[in-house]
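Residue-level structural notes
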Amino acid sequence: MADRIGRPISQRQLRVGEVIKQSLSMIFIKNEAKVPNLETNTITVTEVQMSQDLKIAKAYVMPLGGKNADEVVKLLKEYSFLIRKILSKKVFMKFLPKLLFRKDESFEYAEKIENLIKQTNK
């Protein structure tokens, strides 16, 4: 596995990413991040990718059923400081990474590939 520049992803990046993913998931499930106009217990954190220096965490999220995904990501970006504050009480690191939220498009991509395979098998 390699990041966009081509450098291999270290075990440390993977471990820290997994810890942050689990912590964010628990924060969302328990609705601890009081994000206005958003029920966070319907949000799934599918993956967290860490930068080489562990200062940036890209969290890929998807709301239940994929409904209003763009609006959910927009709200999460807007209130990321609030989520980060709660995360700081759960994950103990020298530097807590900045959280960047992204819509997880892997499900759409997988569905597109599956449809293409079905078309070729007809």
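Residues numbered from 1 in each chain as written. Predicted model: local features only at pLDDT ≥ 70, side-chain atom pairs only at ≥ 80, totals over all residues. Heavy atoms only, no water.

Focus on the nonpolar core
The biggest cluster of nonpolar side chains holds 27 residues, and the ones touching the most others in it are L24, F28, L76, I83 and F101. Counting only elements with at least two residues in this core, the list comes to α1 (11–29), β1 (43–50), β2 (56–63), α2 (69–78), α3 (80–88) and β3 (98–103). By residue number, the principal contributor to this core is α1, which donates five residues. If we skip the residues at most four places from it in the chain, L76 touches F28, L38, I43, V61, I83 and F101. (Core = buried A, V, L, I, M, F, W, Y, C linked by side-chain atoms within 4.5 Å. Buried < 20%, exposed > 50% of the residue type's maximum accessible area, 1.4 Å probe, protein only. Helix = DSSP H or I, 4+ residues; strand = E, 2+ residues; numbered from the N terminus. Contact = heavy atoms within 4.5 Å.)

Let's talk about a nonpolar patch on the surface
Taken together, the side chains of Y109, I113, L116 and I117 make up a nonpolar region of the molecular surface, amounting to roughly 390 Å² of accessible area. Summarising the element assignment, I113 is placed in helix α4 (residues 106–120). (Patch = residues over 30% accessible without salt bridge, like charges linked within 9 Å, V, L, I, M, F, W, Y side chains within 5 Å. Areas by Shrake-Rupley, 256 points an atom, 1.4 Å probe, with all protein chains shown as cover. Salt bridge = Lys/Arg side-chain N within 4 Å of Asp/Glu carboxyl O.)

Some points on the pairing of β1
Here seven bridges tie β1 to β2, and the two strands are oriented antiparallel to one another. When the bridges of β2 are listed, V45 appears paired with V61. Linkage of β1 to β2, two consecutive antiparallel strands, is achieved through a turn of five residues, within which L54 is found at a positive phi near 65 degrees. (Pairing = 2+ DSSP bridges.)

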